[in-house]
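Fold and geometry: a report
The primary structure of each chain is shown beneath.
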Amino acid sequence: MVITMYLDAEDERILNGEFGETRQKMMEILVALGRVYDAERLIPITSAQVSGASYKTIGAWGLSWLQSLDARVAVPTVLNPIGMPREQWQEFGVGEKFARRQQEVLEAYRRLGITVECTCTPYYLRITEFGEHMAWSESSAVAYANSVVGARTNREGGPGALAAAIIGKTPYYGLHIVANRRPGVVVDVEGSERGALPADHYGAIGYLAGREVGNRIPIFTNIRPTRDQLKALGAAMAATGAVALFHVDKITPETRIFSFETGGLERITIEQKDIEGLFEEIEVDAVAVGCPHCSADELAELAGLLKGRQTTKPFYIFAARGVIRDNRAIVAAIERSGARVIADTCMVVSPAMDRFRAIMVDSGKALAYVPNMCGALARLGTRAECVEVATS
Ligand code: F3S
């Protein structure tokens, strides 16, 4: 293999196979990535997050590749959501054959030393801080980590993140380099100057903005979202575009440290009529929220909205296992309504959701993914509308 990237003596020995075949293969993946992206060297990372954890997305080939690996990760590493909750998978509607295969996938990752915390919101586990280099692969988590936390990660593929986890390093290119984190396009949201935007419109704004900006780095200049709204905005832009970093003037950390020059940049306006046009009313047979997985505040809001109500159709709320564990009383209050709070999985990566004809969601990312990944129609609503439909 032609190597254009600087490797230190230990990296060279790994590449030569002195530390086993798996490490050698993982180093080959990093060297290949480094060559494609013109990286000059590898840099150490502090954590990794690996996608390709649901058997629905990786299938038999992915499972047997994972089972062939023989090494341990070198940094704290977590997984993206899998295809089912680890415990109540039968109740959730997952078949036995799928469950068996999914358990084998989890076991393969566990053998590699990966913590089987399966979530697209690993930042709630407090494994990353401002300025740290990481190798994360879930697109919404990458957008949040880069933009809201101010950490540094490229949008890794599953194998690239796993290779980085096992070697403990990643090629130094793209968003690891400060000079590449400057905005490339300005986005304005019509109507925001008249006051706060409706809290639940950020997923829709991200859905529309992602289609316009593609893989450029947008800077929003006239909005003031909360952390949960930033999460919804970034997840949707990563789904309809390929946004791995965005800035919101005076809100996200790098806009308070660097002074970005935006004078010569293209300006895009997201119009209110287009936002409202996404909230189309169609009949649904299930409701699912928590894409990305719910925060503690979002669970509390849902508990408040559901108080005194009973569900009339399946209502699933997805959150990280750790967030559920830390908010047991709120989860119990939600479940008194008949809604189910589910860990480890989500409405997109679980085959259990494929049985529905139309699913109501509160997320721009789910609006983009549910039709293709679940073969169901998707309806976008605010969280209050989701509760209304699930309990009417
Ligand atoms: Fe997370 Fe699944 Fe949405 S992985 S971001 S809840 S599609």
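Only a predicted model underlies this, so the values are computations on that prediction, with no experimental measurement involved.

Glancing now at the site of the ligand. Around the ligand, the structure places Pro-81, Cys-120, Glu-138, Ser-140, Gly-290, Cys-291, Pro-292, Cys-346, Val-348 and Lys-365. The leading source of residues in the shell around the ligand is strand β11 (residues 286-294), at 3 residues. Tallied by class, residues from the shell around the ligand come to 6 nonpolar, 2 polar and 2 charged. Counting the residues that make up the shell around the ligand, at least three belong to each of domain 1 (9-172) and domain 3 (286-391).

Let us look at the pattern of salt bridges. Applying the stated rule across the entire model yields 25 salt bridges. Measuring nitrogen to oxygen at the nearest pair gives 3.2 Å for the salt bridge that ties Lys-25 to Glu-21. Pair noted here: Lys-25 and Glu-21 are both in helix α2 (residues 21-36), with a separation of 4 residues, about one helical turn. For Glu-40, the salt bridge goes to Arg-41, with nearest N and O atoms at 3.4 Å. Under the relative-accessibility criterion, Arg-41 is labelled partly exposed at 32%. Through salt bridges with shared partners, a single network forms among Lys-231, Glu-298, Glu-301, Asp-362 and Arg-383.

Mapped onto the secondary structure, Thr-255 falls in helix α10 (residues 253-257). The class of Thr-255 is buried, set by a relative accessible area of 12%. Contact partners of Thr-255, with chain neighbours within four places excluded, come to Ile-219, His-247, Val-248, Asp-249, Lys-250 and Phe-260. From its side chain, Thr-255 meets the backbone oxygen of Thr-252 in a polar contact 2.7 Å long.

This part is about a nonpolar patch on the surface. Together, Phe-130, Val-178, Ile-257 and Phe-258 make up a nonpolar patch on the protein surface, roughly 340 Å² of accessible area in all. In this fold, Val-178 is placed in the loop between β6 (169-171) and β7 (185-189). Relative accessible area serves as the criterion here: at 36%, Val-178 is assigned to the partly exposed category.

On to the sheet that holds strand β10 (residues 266-270). Strand order in this open sheet of 4 strands is β9-β8-β7-β10, and the pairing throughout is parallel. Of all the strands in the sheet, just β9 (247-248) and β10 have a single pairing partner and so form its edges. As defined by bridge partners, β7 adjoins β10 across 5 bridges and the pair is classed as parallel. Looking at β10, one finds that Val-186 is bridged to Arg-267.

Let us now look at the sheet that holds strand β14 (residues 358-361). The strand order across the open sheet formed by 5 strands is β13-β12-β11-β14-β15, and the pairing between neighbours is parallel. If you trace the sheet from one side to the other, it starts and ends with β13 (340-342) and β15 (377-380), each paired once. Ignoring which end each strand starts from, the neighbouring axes of this sheet average 25° apart. Pairing geometry for β11 and β14, over 3 bridges, is parallel. In the strand pairing of β14, Val-287 is matched with Met-360.

About the criteria used
Residues numbered from 1 in each chain as written. Predicted model: local features only at pLDDT ≥ 70, side-chain atom pairs only at ≥ 80, totals over all residues. Heavy atoms only, no water. Near = heavy atom within 4 Å. Helix = DSSP H or I, 4+ residues; strand = E, 2+ residues; numbered from the N terminus. Nonpolar A, V, L, I, M, F, W, Y, C, P; charged D, E, K, R; others polar. Domains from an automatic or database assignment. Salt bridge = Lys/Arg side-chain N within 4 Å of Asp/Glu carboxyl O. Buried < 20%, exposed > 50% of the residue type's maximum accessible area, 1.4 Å probe, protein only. Contact = heavy atoms within 4.5 Å. Polar contact = N/O pair within 3.5 Å; in protein donor to acceptor, adjacent residues only side chain to side chain. Patch = residues over 30% accessible without salt bridge, like charges linked within 9 Å, V, L, I, M, F, W, Y side chains within 5 Å. Areas by Shrake-Rupley, 256 points an atom, 1.4 Å probe, with all protein chains shown as cover. Pairing = 2+ DSSP bridges. Axes fitted to C-alpha atoms, helices over the stretch in contact; angles between N-to-C directions.

Function-wise, these values are silent; they only describe arrangement.
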